[in-house]
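# Descriptive analysis of the structure
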Amino acid sequence: MKMKRRAARYLVAVVSAVVVVTAASGCSSDRRGMGDSPVSGHQGDDRPADVTNFPDGFANIATKCVAGAPGYRAFVTTRDAAPVVLADPACKG
């Protein structure tokens, strides 16, 4: 009797793990799973960023004026690093 319960628990655990992994992999918004997060009401600036491509081995840089924050520019890289926001008088908002 104990053996049947243990097998049933094991089967439930395996099936649950398969369901969770399958569901989580379906949540990515693009092929690489790095798509943008949804924006409520599609507000904001959808224009493309200015991108500087560097040689292989160096991080590329994308920059853009921050929508809704006149005078500020955001910089992001293709490496795992937080975006940097700096004052830029050329960004009129």
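Residues numbered from 1 in each chain as written. Predicted model: local features only at pLDDT ≥ 70, side-chain atom pairs only at ≥ 80, totals over all residues. Heavy atoms only, no water.

## As for the sheet that holds strand 4 (residues 84-87)
What the four strands build is an open sheet, ordered 1-2-3-4; its pairing is antiparallel. Every interior strand has two partners, whereas the edge strands, strand 1 (50-52) and strand 4, have only one. Ignoring which end each strand starts from, the neighbouring axes of this sheet average 25 degrees apart. In this sheet, strand 3 (residues 72-77) lies alongside strand 2 (residues 61-65) in antiparallel orientation, the contact comprising five bridges. Each residue of the ladder has a partner; that of Lys64, found in strand 3, is Ala74. (Pairing = 2+ DSSP bridges. Helix = DSSP H or I, 4+ residues; strand = E, 2+ residues; numbered from the N terminus. Axes fitted to C-alpha atoms, helices over the stretch in contact; angles between N-to-C directions.)

## Some words on the state of the cysteines
Note: disulfide means a covalent bond formed between the sulfur atoms of two cysteine side chains. Under the criterion given, the structure shown has one disulfide. Across a sulfur-sulfur distance of 2.1 Å, Cys65 and Cys91 are joined as a disulfide pair. With the S-S dihedral at roughly -80 degrees, the linkage between Cys65 and Cys91 falls on the left-handed side. Taken together, the residues span a long stretch of sequence, with Cys65 in strand 2 and Cys91 in the segment after strand 4 at a distance of 26 residues. Classification of Cys65 as partly exposed rests on a relative accessible area of 28%. Among the residues examined, Cys91 registers a relative accessible area of 3% and is labelled buried. (Disulfide = S-S within 2.5 Å. Buried < 20%, exposed > 50% of the residue type's maximum accessible area, 1.4 Å probe, protein only.)

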